Structures are given as structure tokens and as C-alpha cells.
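Topology and contacts: notes
What follows is the residue order along each chain.
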Amino acid sequence: MSRNKIDRRDFMSSSIAAGSSVLLAGEAGAAGSEKNVEPPSSETATAYTGETIQGKKVVSRLNVDDLEVGQKHFLYFRGVEMSGGQHWYVSVVVAKGGRSGKRFTLTSGVHGDEMSSIRTVQTVMDRLDPTQMSGTVMAVLDIARPAVEGMQRRWPNSGRGADLIDMNREWPGDENGASATSRHAGLLFNRLLKPNSDLAIDFHTGTTGLEVAAFLIGDRRLPDVKTMAELYPVGLMWDDPAYPGVLHNAFVDVGIPCFTPEVGAARVLDRDMIALFVEGTLNILKHYGVISGPMGRTANDASMYIGNAAFPIIATHGGLVEFHAKLDDDVKAGQKIAVQRNMFGEIVAEYTTAVGGKLAAYRTDASSDPGNVLAFILFSQPNSVPQDGVHPYSEKSYPE
Ligand SMILES: [Zn+2]
């Protein structure tokens, strides 16, 4: 970027670094006459950067009200700048209904190895006919761009040599934050996600090496989250707000009900499981009047089990792990879940669950060193009071 195209984000951070507002104010003034200047975050109109990439127009801010009704719009959102001077561009599809109504946002790719989450959102968008819709559905598909390129969970960052940042601990981000990941999150949240959402769903899957059952994570104390969750024909729900810094909580914190569906294993497209989550998402759009049509199967049909706690089974040794239970199994307290063998084939550890519940995630990488999560059991803990010998889940055991 040349100096005469400096944008206001650069201006803000440069003025902090240089401590000189006089010179930089002059530059910002010059920038005001340039096409590529991003509007300040207080502005609300769509800002086209003037770029077109592979036939798609590029925006640095979107207001879905500015888009023509009765159409699907395919755009790139210009995210954070890379060290080479180019930007990461995020794929955005907006189905703009012919009539007014709720504005839904569907996100995927916050973790880069979660392919079924992307395909679920793509499939929902394929099913929409904007000429028949009331309201808007916006899909933001490949949020952590460099992580998606690498088919890996975390964002490769160059801050202090090679580093990896989990983008789902960065929300709502900060446009002037201490990493490109935080800034990318801030740009997306302030200029795309928050301004265009009445309700949102952030799709994930398990992570590389740890597969999950079809389940939902969200806070059922929020009426819209409870309503939406009950429209998914999946077997498990973890009734929990999860962590600060995850995208669905950033939405909730600004008054936009949101939760996270988990669509099976990372790295693969699980077509059966994708179909369940597409069905549930279309149910939600029907319930809120965005589309019409008969309701599909729901949580009732799947006899959804709702737990409010997760018991992690942590490897105590190194070696190959063999499971004696499958995903979705009902397990009883004391039941053997897995054994671990050393390289001689001798059993070095047997793992049991301290609680009864549902096997909701297990390690699919067959070997493990000590300290890794091997499985977690979703269970109900009355009033969330810890039981003897049952340790609450930790950040490390969080499956998505
Ligand atoms: Zn994830």
C-alpha cells in the first residue's frame, strides 16, 4: 500500500507509534480523497474497495440493506493485511429476500480444519431462493483464511517467530489488536458480522485427531438459543456458554443470540451429518419466517440428550489407545472407555469414566502422549455442583 493510500486504521496505529498527530493528520486528509479509504467504524454504508477478485466484488464494510432484493450476492470481505502487503479475503454470500424479515448470519471456518462446517453452510445457501424469502441470510464461510489454507485449526502468525493462534479465543477482536488474528476478527466483527445479524449460528466440527458426535454447544438460558437448538435433529447438546473469546459469545455479548453446532470430524465431509445440520438450520429459517415449507425432523425426533458438564478423560501415559466405546454410546460411571499399550503391546493404562453420560468426543489419532484429552463424556451435573472425583472440563478439553 502506498503512503497516499494509507487508510484510517493505519493512521490510528501509526499515530500511536510515531507520536506525531500533525504529520499524520495531513496524510489522513489526503487519504480522504482516495477511493480505497475505509470508512471509520461509525459509518454504516457498504464500502466497495474498487477491487474485483475472480469476478467477485470486494467490500471492506457491508450493510445488507444496500444490496438488491431477491438476489444472491457473492462478495469478498477484505480482512487483515499480510506481511507481503496483500490482504486475506473472506468469502461472503448474501441471500437477500424480496420481503423484509430477520437477518441471519451463518459462519464457518473460524478453525481451518473444519470442512463439514463450511459445507453445511454452503448447502443451506444452495437451498435458498431469495425471491421467495422474507429477510436475509448471510454466510461467511472461510473466516480464518490462512488456517483454512493450511487445513489446520489455528492461524499461523509471525509475531515472535512461528506461532499459531486459535482464532476462536480472539473474538470480538480488535482492529488495532496485538496480532493479525485479533485485527482480522475485529474487522469482521465490526464491519460485517455485528451490523448485519439479528440471529447467528457459528458452525464448527471436532478438531484434527479428536472426533465429536453431532452436538450443539450453547446457553439454553437464552430463549432464542433454546428455540433454535430444539429445531436440530441431533442427539446431544452441551448446555454451556463455553469460553470468553469464542465467536458465539461475542455475538451474545452484543445482544445477538448465537450458539455452535458441531458437525462431526475435522478434515472430512461427513455427508450424513451435514444433512442433519442443514435440516435443522432450514427448520430455524422456517420457524423465524425467513423461508416457508414443512418443518423437518427436530430434537424431539432425535431424543436429544442435554448435558451441562463434560468429563474429560486425560491420557496418563504414552502409547497406542484403543477404545471400548463408540461416539453417542450411553456410558455408566466406572465403565472402561479405553486401554493404552506401550510399544511392546503391554497395557500401560486403563481409562474409565467417573460419570455416567454420553460419549461425545474421542481421540482418533491412535497414539497419544500423556496429558492429551482422550475422550469426553457429556453428563448432567445437578446445579453444576462438582461431584467428588469429577473435575470440571478445562479449556484444553473443550472439543471444538
Ligand atoms: Zn472449531
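Residues numbered from 1 in each chain as written. Predicted model: local features only at pLDDT ≥ 70, side-chain atom pairs only at ≥ 80, totals over all residues.

Across its full length, the protein chain holds 8 helices and 22 strands. The 400 residues of the protein chain split such that 46% are buried. When contacts within the protein chain are restricted to residue pairs at least 6 apart in sequence, long-range pairs at least 24 apart make up 64% of them. (Helix = DSSP H or I, 4+ residues; strand = E, 2+ residues; numbered from the N terminus. Buried ≥ 20, exposed ≤ 12 C-beta atoms within 10 Å, placed from the backbone. Contact = placed C-beta atoms within 7 Å.)

Moving on to the sheet that holds strand E3 (residues 71-81). With mixed pairing, the 11 strands of this open sheet are ordered in space as E1-E2-E3-E4-E6-E5-E9-E13-E11-E12-E14. Looking at which strands have only one partner, the edges of the open sheet turn out to be strand E1 (47-53) and strand E14 (305-307). Across the sheet, the mean angle from the axis of one strand to that of its neighbour is 25°, orientation sign disregarded. Looking at chain direction, strand E9 (residues 199-202) and strand E13 (residues 258-262) are connected through 2 bridges and run parallel. Pairing of Ile201 across the sheet is with Phe259, part of E13. Contacts from helix H3 (residues 115-126) reach strand E4 (87-96), strand E5 (99-107) and strand E6 (134-140), with the element oriented near 150° to E6. Strands strand E2 (56-61), E3, E4, E5 and E6 of the sheet are contacted by helix H5 (residues 180-193), whose axis makes an angle of about 145° with E3. (Pairing = 2+ DSSP bridges. Axes fitted to C-alpha atoms, helices over the stretch in contact; angles between N-to-C directions.)

What follows covers the packing of H3 against helix H8 (residues 271-287). Two numbers describe how H3 lies on H8: the axes approach to 9 Å, and their chain directions differ by 45°. By the angle between their directions, the pair H3 and H8 is classed as oblique. In this structure, the crossing between H3 and H8 has a hand that is right-handed. Of the residues in H8, those in contact with Ser116, Arg119, Thr120, Thr123 and Val124 of H3 are Met273, Ile274, Phe277, Val278, Thr281 and Leu282. (Parallel < 35°, antiparallel > 145°, perpendicular 65-115°, else oblique. Left-handed = near helix turned anticlockwise from the far one by under 90°.)

Reading across from one edge, E19-E18-E16-E21 is the order of the 4 strands in this open sheet, with antiparallel pairing throughout. Two strands in the sheet have a free side with no partner beyond their single neighbour: strand E19 (347-352) and strand E21 (367-368). Note: strand E18 (residues 336-341) against E19, 5 bridges, orientation antiparallel. For Gln340, the partnering residue across the bridge sits in E19 and is Ala349.

Moving on, we come to the nonpolar core. Of all hydrophobic cores here, the largest spans 106 residues; its most connected members are Phe77, Val92, Phe215, Ala360, Ala375 and Ile377. When residues of this core are assigned to domains, at least three fall in each of domain 2 (42-287) and domain 3 (308-397). Other than its neighbours up to four places away in sequence, Ala375 contacts Ile313, Ile337, Ala338, Leu359, Ala361, Tyr362 and Arg363. (Core = buried A, V, L, I, M, F, W, Y, C linked by C-beta atoms within 7 Å. Domains from an automatic or database assignment.)

Let us look at unusual backbone geometry. Both trends apply: most residues other than glycine have a negative phi, and most peptide bonds are in trans. Cis peptide bonds are those with omega within 30 degrees of zero, and the linkage from Trp171 to Pro172 qualifies with 10°. Tracing the chain through its elements places Pro172 in the loop between strand E8 (163-165) and H5. The phi angle at Ala242 is positive, at roughly 65°, despite the residue not being glycine. Here Ala242 is to be found in the loop between strand E12 (236-239) and helix H7 (247-253). On the basis of neighbour counts, which here come to 19 C-beta atoms within 10 Å, the residue Ala242 falls in the partly exposed class. At Asp328, a position not held by glycine, the phi torsion is positive, near 75°.

Take Met138: it is sitting in strand E6. Here Met138 falls in the buried class, since 25 other C-beta atoms lie within 10 Å of it. When the C-alpha positions of Met138 and Val93 are compared, they lie 5.8 Å apart, and in sequence the two are 45 residues distant. In contact with Met138, other than residues within four places in its own chain, are Val64, Val92, Val94, Thr105 and Asn196.

For the α-helix, the turn length of 3.6 residues means that residues three or four positions removed from each other point alike. Its 12 residues give H3 an end-to-end C-alpha distance of 17 Å, which sits within 8% of 16 Å, the value for a rise of 1.5 Å per residue. Listed as buried for H3 are Met115, Ser116, Ser117, Ile118, Arg119, Thr120, Val121 and Val124. (Expected span 1.5 Å × (residues − 1).)

Here the focus is the pairing of strand E16 (residues 319-323). The sheet contact formed by E16 and E21 spans 2 bridges and is antiparallel. Each bridged residue has a counterpart across the sheet, and for Gly319 the counterpart in E21 is Ser368. Here E16 runs beside E18; their pairing, made up of 4 bridges, is antiparallel. When the bridges of E18 are listed, Phe323 appears paired with Ala338.

This brings us to the confidence of the model for the protein chain. On average, residues of the protein chain score 89 in pLDDT, and 85% of them are at 70 or above. Contacts for the low-pLDDT stretch residues 1-37, under 50 throughout, to residues beyond four places or in other chains number 35 contacts. (pLDDT = per-residue confidence, 0-100.)

Looking now at the environment of Phe215. Mapped onto the fold, Phe215 is located in strand E11 (residues 215-218). Assessed through the 29 C-beta atoms surrounding it within 10 Å, Phe215 is described here as buried. Along the primary structure Phe215 and Trp238 are separated by 23 residues, whereas in three dimensions their C-alpha atoms are 7.3 Å apart.

Here the focus is H8. The end-to-end C-alpha distance of H8 is 24 Å, a good match for the 24 Å that 17 residues give at a rise of 1.5 Å each. Among all positions of H8, only Met273, Ile274, Leu276, Phe277, Val278, Gly280, Thr281, Leu282, Asn283, Ile284 and Leu285 are buried. Residues of H8 that are buried sit in contact with E5, H3, E6, E9, helix H6 (223-229) and E13. Within two residues after H8, Gly289 carries a phi angle of roughly 80°, on the positive side.

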